[in-house]
Structures are given as structure tokens and as C-alpha cells.
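Read off the chains here:
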Amino acid sequence: MKLIKSKDYAEMCQKAARIFAAQVTLKPASVLGLATGSTPVGMYQELVKKYDEGKVDFSAVRTVNLDEYVGLSGDNDQSYRYFMNHNLFDHINIDKANTHVPSGLAADLEAECADYEAVVASMGGVDIQLLGIGNNGHIGFNEPCDCFPVTTHPVDLTESTITANARFFATMDEVPKKAITMGIGTIMKAKKIVLMANGKGKAQIIYDTIFGPVTPQVPASVLQLHPDVLVFVDEEAYSVIAEKCTPEQLATIL
Ligand code: PGA
């Protein structure tokens, strides 16, 4: 894993966007694995800016998203399909038919998961996968548990995730309790992975992810086993690493 430090969120987003723009420039028909949440919003804004300036062409790009809430349609402004349209797809020249988000309304969730896994495979896998990280170490909605789930699957969200998500909903009853998520195996098959984290609240989990034991109790720790991971952090998310790591440990990631 390589760590890329930035002084603040804006700089972190600019740096991460450069990686995605370079990927699309080098391979116009790239498969981008995309993520939702507050962390990547600034990175998507940077990509839109690069598109507006004529620096990136998304016309041949295909995308797969990590996850979606069960029970929300793509028109619901809290769904991840809506988020992607609103934050990125509506503002660039991507063909929406080439953008994939699991369907939260599928009657048969297991069949939807198998279909989604087949979609990812049919595209030849993901060239570069963007990840945020939950305070509990989840990636996608792979929550802490006793084993690493391999493929796309339905998941019961943990209390901590439901509580973290509640800020976006009017009442607790409206907060989805289930989701569909790519599995850890699906994520790990990506050729390259970009993890972004900002703010004090992520500092401990970023430390655990990079320097803690590889354990499904900290799902993101599995990334230690991937050969090509870039971790983008701002000063605050870096703070526990700065405090706890020896120069020798730092030398392994910087
Ligand atoms: P956040 O969520 O970007 O809103 O902090 C990250 C995540 O839960 O994966």
C-alpha cells in the first residue's frame, strides 16, 4: 500500500482525480469501480472540471458501483444510483447505459447479486476501484464480520452504519437496513485500488487498515494483500499514523 498525504480535502481530491483522469486517458474504455458517500464528492467535482476543460473523454468509459440500498429506487434522492447521476454522470459525456449500480428494488436479491457479479466479469473486471471507508472499516457495505464475503451479496447493515447514514434521512424508520454490496473478492480482483479518507474521524481506522492485523473485523485491512493500492489521506486522517508509526514503518508506505 502506498500513502499519498495532502494538506486538506481539496488537495486530496485533486490528487485522486488525477489518477482517475490518467487512467481514462491511457485506456479510454476503462472500467471504473466507483463509490458513494461524502468522501468522493470532491473527487467527482474535479473530474467534472477536467471534463469541462476538455481534458478527459468519458465516452468509452464503463462503470460499476460498489453498492446500493435495498428498497430505494434510482429516483430516490438517497439512492446510490441517484447520487452517481447527480454527482458525476449527469455532468460528463458518459453513456448511462454503460454505468452499473445494483438494483435496490430487485424482487430476488440473490439473483440480482449473481447478475451483478456477471456484469463485472463480462466487462473483464475493474481497472481501478475507488473506495471510501466506514468508521468501522467497512468497504462497500462489507461490514465487520467473521469472514470476508467473496462475491456480491445482500447485507444487513450494522447499527453503526445505520446511525452514520441516519443524517441523510428525515426519520430513523426511513434509513435502509439492508444493502447489496460487491464482495471483498470482487473488490480485490480490481487491478488497482484507490482508497480515500479525510477527517479526524477516519484517522484510527486508516491506521488499523494499514498497520493492524488483516482481519474481517476490519474489512479494509484485506487491502494489505492487494498488490496495487493507493491510499489518499488529508492531514487529519493521517494524524494517528503520524503519532504511532516508527520511521521504519512510514518508509514502507510513503
Ligand atoms: P463517507 O462514507 O465517505 O460518507 O465517510 C464512507 C463509507 O461509509 O464507505
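Everything that follows concerns the structure shown earlier in this document.
Overview of the structure. A quick note: this is a predicted structure, and the numbers were derived from the prediction, not measured.

Each value, and the rule that gives it
Residues numbered from 1 in each chain as written. Predicted model: local features only at pLDDT ≥ 70, side-chain atom pairs only at ≥ 80, totals over all residues. Heavy atoms only, no water. Pairing = 2+ DSSP bridges. Helix = DSSP H or I, 4+ residues; strand = E, 2+ residues; numbered from the N terminus. Buried < 20%, exposed > 50% of the residue type's maximum accessible area, 1.4 Å probe, protein only. Contact = heavy atoms within 4.5 Å. Polar contact = N/O pair within 3.5 Å; in protein donor to acceptor, adjacent residues only side chain to side chain. Near = heavy atom within 4 Å. Areas by Shrake-Rupley, 256 points an atom, 1.4 Å probe, with all protein chains shown as cover. Core = buried A, V, L, I, M, F, W, Y, C linked by side-chain atoms within 4.5 Å. Axes fitted to C-alpha atoms, helices over the stretch in contact; angles between N-to-C directions. Salt bridge = Lys/Arg side-chain N within 4 Å of Asp/Glu carboxyl O. Arc of directions from axis to C-beta. Phe/Tyr/Trp six-rings, centres within 6.5 Å; stacked < 30°, edge-to-face > 60°.

**Things to note about the sheet that holds strand 1 (residues 2-6)**
Sheet strands pair by backbone hydrogen bonding; their relative direction is either parallel or antiparallel. The seven strands lie next to each other as 1-10-9-6-2-3-5, forming an open sheet whose pairing is parallel. Either end of the sheet is taken by a strand with one partner, and the two such strands are strand 1 and strand 5 (99-100). Two strands pair when backbone bridges link them, and strand 3 (residues 62-65) and strand 5 are joined in this way by two bridges, in the parallel orientation. Looking across to strand 5, one finds that threonine 63 is bridged to threonine 99.

**Some remarks on the environment of histidine 91**
Along the polypeptide, histidine 91 turns up in the loop between helix 3 (80-87) and strand 5. Its relative accessible area of 38% is what places histidine 91 among the partly exposed residues. Measuring from C-alpha to C-alpha, the distance between histidine 91 and tyrosine 51 comes to 8.4 Å, with 40 residues separating the pair along the chain. Setting aside residues up to four positions removed in sequence, histidine 91 forms contacts with Val48, Tyr51, Asp52, Asn85 and His86. A polar contact is formed between the side chain of histidine 91 and the backbone oxygen of histidine 86, at a distance of 2.6 Å.

**Digging into the side chain of glutamate 46**
Its place among the elements puts glutamate 46 in helix 2 (residues 41-52). By relative accessible area, which is 14% here, glutamate 46 ends up buried. Not counting residues within four places of it along the chain, the set of residues in contact with glutamate 46 comprises Cys13, Gln14 and Ala17.

**Points about the site of the ligand**
The local shell around the ligand consists of Gly37, Ser38, Thr39, Gly132, Ile133, Gly134, His138, Arg167 and Lys202. Residue serine 38 places a side-chain N or O atom 2.8 Å away from an oxygen atom belonging to the ligand. The contact in question runs from an oxygen atom of the ligand to an N or O atom on the side chain of threonine 39, over 2.5 Å. In isolation the ligand offers 280 Å² of accessible surface; the protein chains occlude 79% of this area.

**Quick look at the nonpolar core**
Counting 67 residues, the largest nonpolar core has Met43, Tyr44, Leu47, Leu88, Met196, Ile206 and Ile241 as its most contacted members. Sort the elements by how many residues they give to this core and helix 1 (residues 9-26) lands first, with seven residues.

**Focus: the sheet that holds strand 8 (residues 178-181)**
Taken together, the three strands give an open sheet; going across it, the order is 4-8-7, and neighbouring strands pair in antiparallel fashion. This sheet does not close on itself; its edge strands, each paired only once, are strand 4 (67-69) and strand 7 (153-156). For this sheet, the mean angle separating the axes of adjacent strands, direction not counted, is 25°. By the bridge criterion, four bridges tie strand 7 to strand 8 in an arrangement that is antiparallel. Across the sheet, histidine 153 pairs through a bridge with threonine 181, a residue of strand 8. Where helix 4 (residues 109-122) meets the sheet, it contacts strand 7 and strand 8, and its direction lies at approximately 125° from that of strand 7.

**Focus on the pattern of salt bridges**
Counted by the stated rule, this structure contains nine salt bridges. We note a salt bridge from lysine 7 to glutamate 11, for which the minimum N-O separation is 3.2 Å. Note that aspartate 127 is salt-bridged to lysine 27, the shortest N-O span being 2.9 Å. With a gap of 100 residues between them, aspartate 127 in the loop between helix 4 and strand 6 (128-131) and lysine 27 in the loop between helix 1 and strand 2 (31-34) connect regions that are remote in the sequence.

**Some thoughts on helix 8 (residues 235-244)**
Among the residues of helix 8, those classed as buried are Ala237, Tyr238, Val240 and Ile241. On an axial view of helix 8, the arc spanned by its buried residues comes to 145°, and they lie on one face. In this fold, the buried residues of helix 8 make contact with strand 1, strand 9 (192-197), helix 7 (203-211), strand 10 (229-234) and helix 9 (247-253).

**Observations regarding the packing of aromatic side chains**
Considering all chains together, one arrives at six aromatic pairs under this definition. With a centroid separation of 5.7 Å and an interplanar angle of 40°, the aromatic rings of tyrosine 69 and phenylalanine 141 are classed as tilted. With tyrosine 69 in strand 4 and phenylalanine 141 in the loop between strand 6 and strand 7, this residue pair connects regions lying 72 residues apart in the sequence. There is no split in this pair, since tyrosine 69 and phenylalanine 141 are both buried.

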